[in-house]
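For reference, the chains in residue letters:
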Amino acid sequence: MMMDPKGSSASPSGSLPYPEAIALLSKAKSSVILSHVSPDPDAYGSICSLALFLEENISGHSATLVNVDSEKVHHPYIPGSERVLAHPPEGLNPDVVIVCDSGELNRIGDELASWVLRLGKPIVNIDHHQSNPNFGEINLVEVSASSTCEILFCLFEAFGKNSKCSISAQVAEALLAGILGDTGGFRYRSTTAETLRRAAVLMDCGARLDQLTRHLFGSVPLASLKLSGIATQKMHLFADNRIAGACITEEDYQAAGATAFDGDDIAELLRDIEGVEISYSIRRMEEKWKASLRTVLEDVDLSEIARSFGGGGHRAAAAFRASGEISDIVARLEISLQNALQHSKLSRGGNG
Ligand SMILES: [Mn+2]
């Protein structure tokens, strides 16, 4: 479907430097496109849609897709995902580097980040994380955007204003996968009326909402479900049952037959318990503890708490990694969360 040249302005993303990004990308013959470790649908949807869009619309353009975890995490329902490599091919020397959905450059993995810096090519940074320090030459960073894929939609729309660029069915499908993933199926506050209008355009372009929904929310691996069972049994409910958290050890993973990439959704599962306002999960991963934080309270900023532990993220969903004694990490974290809850005017505890 051709894009409407009078199409909606991209507010709130309308003030981003799309013309600069378009100028740079239009003359690039090649690109390497990367996203964060443990890729979620937005991390994959953004790099895949961008690669396909550039190749379909910029004559002679060739994109290389890299994600260090591509051999462990699969999103086969996202068009282009089969092209994602775990390492850049030897001697690759692209005209431009594009980093998607990564709150800082190191989120693509330390080794890959060093490789990018050694390349010395212009970086386009496309992201929606609160903590993003604008590490690119061009930064399409909009914290209020539901997803990196929604920012890309605006970029593609801006492309279409100057030339006959179009969003193909496969690009649309990859974009909608990212938007659906990050909005929990249009359930979170980051979903605006504009998000829904853009999703409608993507459906007009051929994206299949029902199939994506089934892949994203209706096909939980059995081992992952078993791990959730263990997590709910071990759960620590406190602060008048308004905070729920669980620590998942290596033994728990073994008992469930799960891999390190299962259990991503446990913090969400605990958040969704009736009455719970803040949740966390802490999972043993690669010699470190990985904490995920979630809240339903609009006036609680979890990215700030995650930052105090060396992590980052969004207000309602944030994460950090820590090494050290788990009981110390849990104790410190629970105090921080309890403190945030006490300062919330929206908590049903009636602080307001
Ligand atoms: Mn995202």
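Residues numbered from 1 in each chain as written. Predicted model: local features only at pLDDT ≥ 70, side-chain atom pairs only at ≥ 80, totals over all residues. Heavy atoms only, no water.

1. Topic: the sheet that holds strand β9 (residues 288–295)
Phase 1 of the analysis: Read across the open sheet, the six strands follow the order β6-β7-β8-β9-β11-β10; overall the sheet is mixed. Both edges of this open sheet fall to β6 (236–238) and β10 (312–313), since each of them pairs with a single strand only.
Phase 2 of the analysis: Bridge count for strand β7 (residues 243–248) against strand β8 (residues 278–285) is six bridges, and the pairing is parallel. Across the sheet, the residue bridging to A244 is S279, located in β8.
Phase 3 of the analysis: Of the strands in this sheet, β6, β7, β8, β9 and β11 (317–322) touch helix α12 (residues 326–343), which is tilted by about 160 degrees from β8. (Pairing = 2+ DSSP bridges. Helix = DSSP H or I, 4+ residues; strand = E, 2+ residues; numbered from the N terminus. Contact = heavy atoms within 4.5 Å. Axes fitted to C-alpha atoms, helices over the stretch in contact; angles between N-to-C directions.)

2. Some words on the coordination of the manganese ion
Phase 1 of the analysis: The manganese ion binds to the protein through D42 (OD), D101 (OD), H128 (NE2) and D182 (OD), with metal-donor distances spanning 2.2 to 2.3 Å.
Phase 2 of the analysis: When the donor residues of the manganese ion are listed from N- to C-terminus, their spacing reads D-x58-D-x26-H-x53-D. In this pair, D101 sits in the loop between β3 (96–100) and α3 (110–119) while H128 sits in the loop between β4 (123–127) and β5 (138–141), placing the two residues 27 residues apart along the sequence.
Phase 3 of the analysis: A relative accessible area of 2% places D101 in the buried class.
Phase 4 of the analysis: For H128, a relative accessible area of 2% translates into the label buried. (Donors = N, O, S within 2.8 Å, 3.2 Å for Na, K, Ca; no water. Buried < 20%, exposed > 50% of the residue type's maximum accessible area, 1.4 Å probe, protein only.)

3. Overview of the packing of aromatic side chains
Phase 1 of the analysis: Scanning all chains against the criterion turns up three aromatic pairs.
Phase 2 of the analysis: Their ring planes at 10 degrees and their centres at 3.9 Å tell us that F53 and F156 sit as a pair that is stacked. Remark: F156 occurs in helix α4 (residues 148–162) and F53 occurs in helix α2 (residues 41–57); sequence separation between them is 103 residues. Residue F53 shares its accessibility class with F156, and that shared class is buried.
Phase 3 of the analysis: Ring centres 5.3 Å apart and planes at 65 degrees place the aromatic pair F53 and F159 in the edge-to-face group. Taken together, the residues F53 in helix α2 and F159 in helix α4 connect sequence positions 106 residues apart.
Phase 4 of the analysis: The exposure class of F53 is buried, given its relative accessible area of 0%.
Phase 5 of the analysis: Residue F159 is classed as buried on the basis of its relative accessible area of 3%.
Phase 6 of the analysis: Ring pairs connect the aromatic residues F53, F156 and F159, which therefore count as one cluster. (Phe/Tyr/Trp six-rings, centres within 6.5 Å; stacked < 30°, edge-to-face > 60°.)

4. A closer look at helix α8 (residues 222–234)
Phase 1 of the analysis: Here α8 spans 19 Å end to end across 13 residues, near enough to the 18 Å set by a 1.5 Å rise per residue.
Phase 2 of the analysis: The set of residues buried in α8 consists of A223, S224, L227, S228, I230 and A231. Taken end-on, α8 shows its buried residues confined to a sector of 160 degrees, consistent with a single buried face. Exposed and facing more than 90 degrees away from the buried side of α8 are L222, L225 and Q233. (Expected span 1.5 Å × (residues − 1). Arc of directions from axis to C-beta.)

5. Re the domain arrangement of the chain
Phase 1 of the analysis: What the domain assignment reports for the chain is domain 1 (13–217) and domain 2 (222–343).
Phase 2 of the analysis: Once you take the C-alpha centre of each, domain 1 and domain 2 turn out to be 27 Å apart.
Phase 3 of the analysis: Taken together, the contacts link twelve residues of domain 1 with 17 residues of domain 2.
Phase 4 of the analysis: Of the roughly 1100 Å² buried between domain 1 and domain 2, counting both surfaces, carbon and sulfur atoms make up 46%.
Phase 5 of the analysis: Three residues stand out in domain 1 for area buried against domain 2, namely S38, Q130 and R189, and they jointly supply 45% of the buried area on that side.
Phase 6 of the analysis: Our count for the contact surface shared by domain 1 and domain 2 stands at one salt bridge.
Phase 7 of the analysis: Our count for the domain 1 to domain 2 interface comes out at seven residue pairs in polar contact (both at pLDDT 80 or more).
Phase 8 of the analysis: Here the residues of the side of domain 1 that touches domain 2 are counted per class, giving three nonpolar, five polar and four charged. (Domains from an automatic or database assignment. Buried area = accessible area lost by both parts, 1.4 Å probe. Salt bridge = Lys/Arg side-chain N within 4 Å of Asp/Glu carboxyl O. Polar contact = N/O pair within 3.5 Å; in protein donor to acceptor, adjacent residues only side chain to side chain. Nonpolar A, V, L, I, M, F, W, Y, C, P; charged D, E, K, R; others polar.)

6. Some remarks on a nonpolar patch on the surface
Phase 1 of the analysis: Together, V220, L222 and L225 make up a nonpolar patch on the protein surface, roughly 300 Å² of accessible area in all.
Phase 2 of the analysis: Here L222 shows up in helix α8.
Phase 3 of the analysis: According to the relative accessible area criterion, L222 is exposed, its value standing at 57%. (Patch = residues over 30% accessible without salt bridge, like charges linked within 9 Å, V, L, I, M, F, W, Y side chains within 5 Å. Areas by Shrake-Rupley, 256 points an atom, 1.4 Å probe, with all protein chains shown as cover.)

7. Quick notes on the environment of A340
Phase 1 of the analysis: Here A340 lies in helix α12.
Phase 2 of the analysis: Separated by 261 residues in the primary sequence, A340 and P79 place their C-alpha atoms 41 Å from one another.
Phase 3 of the analysis: Setting aside anything within four residues of it in sequence, one finds A340 in contact with V300 and I305.

8. Things to note about the nonpolar core
Within soluble globular proteins, side chains that are nonpolar tend to cluster in buried spots.
Phase 1 of the analysis: Ranked by internal contacts, the top residues of the largest apolar core, which has 55 residues, are I33, L50, I98 and L155.
Phase 2 of the analysis: For this core, the element with the highest residue contribution is α4, accounting for nine residues.
Phase 3 of the analysis: Y280, L297, L302 and A340 belong to the second-largest nonpolar core, a separate cluster that totals 24 residues. (Core = buried A, V, L, I, M, F, W, Y, C linked by side-chain atoms within 4.5 Å.)

9. Structural notes on the side chain of S31
Phase 1 of the analysis: Along the chain, S31 turns up in strand β1 (residues 30–35).
Phase 2 of the analysis: For S31, a relative accessible area of 1% gives the class buried.
Phase 3 of the analysis: Here the side chain of S31 touches H61 through a polar contact of 2.8 Å, side chain to side chain.
Phase 4 of the analysis: Setting aside anything within four residues of it in sequence, one finds S31 in contact with L54, H61, S62, A63, T64, P94, V96 and I98.

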